[in-house]
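Here is how the chains run, residue by residue.
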Amino acid sequence: MAKLIIYFSLSNNTKAAAQKVQEITGADIYRLEAKNPYPEGYSKYSKVGMKEFEDDIHPEIKEDIPDFDKYDTIYLGYPTWGGKIPMIFHTLFEQYDFSNKKIVPFTTTGGSSASESLPSVKEIAKNAIVTDNFRYQFDDKKLKTFLNEI
């Protein structure tokens, strides 16, 4: 049973969460990046992210995921933007077949709850098995408990 962490991070908060998930699970890790990089600084990249939502833009992905088909469990890490998963994940799910893969979402967010973004994950992961998700707040003990229960 091969496991992969796919994460998207601009502020490095989700990167830190993904690294903790890797530490606990031993899963392989892949950083999801846009072919055209987002501008630096929250006030700049958040405007781009909101425009992607408004115009239904699915950003191109920079690099392919090596050996994607061998994984059956995917830990999906993302910042919650406007209560949703960033649009680059729409591209990801269009390009790769997630059928019957187990998706374990985890999010980093300033103020949203974990459950707020879960419907948008389930919407794009229609053919996958989506578990509950987890809001990482730098509490490694809670993260480990969540991962062990999933």
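Right above here is the structure, for reference.
### Quick look at a negative patch on the surface
Then comes step 1: Where like charges cluster on the molecular surface, the negative patch consists of Asp 28, Asp 67, Asp 69 and Asp 97.
Then comes step 2: Examined against the element boundaries, Asp 28 turns out to sit in strand β2 (residues 28-31).
Then comes step 3: Accessibility expressed as a relative area gives 34% for Asp 28, which makes it partly exposed.

### Describing the nonpolar core
Then comes step 1: Counting residues in each nonpolar core, the largest one holds 32 residues, and the members touching the most others are Ile 6, Leu 32, Ile 74, Leu 76, Phe 89, Leu 92 and Phe 98.
Then comes step 2: Counting only elements with at least two residues in this core, the list comes to β1 (2-7), α2 (42-55), β3 (71-79), α3 (88-95) and α4 (114-124).
Then comes step 3: Apart from residues lying up to four places away in sequence, Phe 89 is in contact with Phe 8, Leu 32, Leu 76, Gly 77, Tyr 78 and Ile 124.
Then comes step 4: Residues Tyr 7, Ala 27, Tyr 75 and Val 104 belong to the second largest nonpolar core, which totals 14 residues.

### Brief notes about the side chain of Ser 120
Then comes step 1: Looking at where Ser 120 falls in the secondary structure, it is placed in helix α4.
Then comes step 2: Judged by its relative accessible area of 11%, Ser 120 falls in the buried class.
Then comes step 3: Here the side chain of Ser 120 touches Ile 85 through a polar contact of 3.0 Å, landing on its backbone nitrogen.
Then comes step 4: Among the polar contacts made by the side chain of Ser 120, one reaches the main-chain carbonyl oxygen of Ser 117 at a distance of 2.9 Å.

### As for the packing of helix α1 (residues 13-25) against helix α5 (residues 140-149)
Then comes step 1: Where α1 contacts α5, the axes come no closer than 10 Å and their chain directions differ by 55 degrees. Considering their axes alone, α1 and α5 lie oblique with respect to each other. With respect to the hand of their crossing, α1 and α5 are arranged in right-handed fashion. Here α1 contributes Ala 17, Lys 20, Val 21, Ile 24 and Thr 25 to the contact with α5, which in turn contributes Asp 140, Leu 143, Lys 144 and Leu 147.
Then comes step 2: Of the residues in the contact of α1 with α5, the class split is five nonpolar, one polar and three charged.

### A short note on α5
Then comes step 1: Taken as a whole, α5 has its buried residues at Leu 143, Phe 146 and Leu 147. For α5, the angular spread of the buried residues around the axis is 95 degrees, confining them to a single face. In α5, those exposed residues whose orientation departs by more than 90 degrees from the buried face are Lys 141, Lys 142, Asn 148 and Glu 149.
Then comes step 2: N-cap assignment for α5: the residue whose side-chain oxygen lies 3.2 Å from the backbone N of Lys 141 is Asp 139.

### Section: the pairing of strand β4 (residues 102-108)
Then comes step 1: Counting buried residues along β4, six of its seven residues qualify, which places the element largely inside the surrounding structure.
Then comes step 2: As paired strands, β3 and β4 are joined by seven bridges and run parallel to one another. Of the residues in β4, the one forming a bridge with Pro 79 is Thr 108.
Then comes step 3: Remark: the β3/α3/β4 crossover connection has right-handed handedness.
Then comes step 4: Strand direction decides the pairing type here: β4 and strand β6 (residues 134-135), joined by two bridges, are parallel. Counterpart to Phe 106 in the pairing with β6 is Phe 134.

Criteria and thresholds
- Residues numbered from 1 in each chain as written.
- Predicted model: local features only at pLDDT ≥ 70, side-chain atom pairs only at ≥ 80, totals over all residues.
- Heavy atoms only, no water.
- Patch = residues over 30% accessible without salt bridge, like charges linked within 9 Å, V, L, I, M, F, W, Y side chains within 5 Å.
- Areas by Shrake-Rupley, 256 points an atom, 1.4 Å probe, with all protein chains shown as cover.
- Salt bridge = Lys/Arg side-chain N within 4 Å of Asp/Glu carboxyl O.
- Lys, Arg positive; Asp, Glu negative; His and termini not counted.
- Charge placed at Lys NZ, Arg CZ, Asp CG, Glu CD.
- Helix = DSSP H or I, 4+ residues; strand = E, 2+ residues; numbered from the N terminus.
- Buried < 20%, exposed > 50% of the residue type's maximum accessible area, 1.4 Å probe, protein only.
- Core = buried A, V, L, I, M, F, W, Y, C linked by side-chain atoms within 4.5 Å.
- Contact = heavy atoms within 4.5 Å.
- Polar contact = N/O pair within 3.5 Å; in protein donor to acceptor, adjacent residues only side chain to side chain.
- Axes fitted to C-alpha atoms, helices over the stretch in contact; angles between N-to-C directions.
- Parallel < 35°, antiparallel > 145°, perpendicular 65-115°, else oblique.
- Left-handed = near helix turned anticlockwise from the far one by under 90°.
- Nonpolar A, V, L, I, M, F, W, Y, C, P; charged D, E, K, R; others polar.
- Arc of directions from axis to C-beta.
- Pairing = 2+ DSSP bridges.
- Right-handed = clockwise from strand over helix to strand, strands pointing away.

Any functional reading would require information that these geometric values do not contain.
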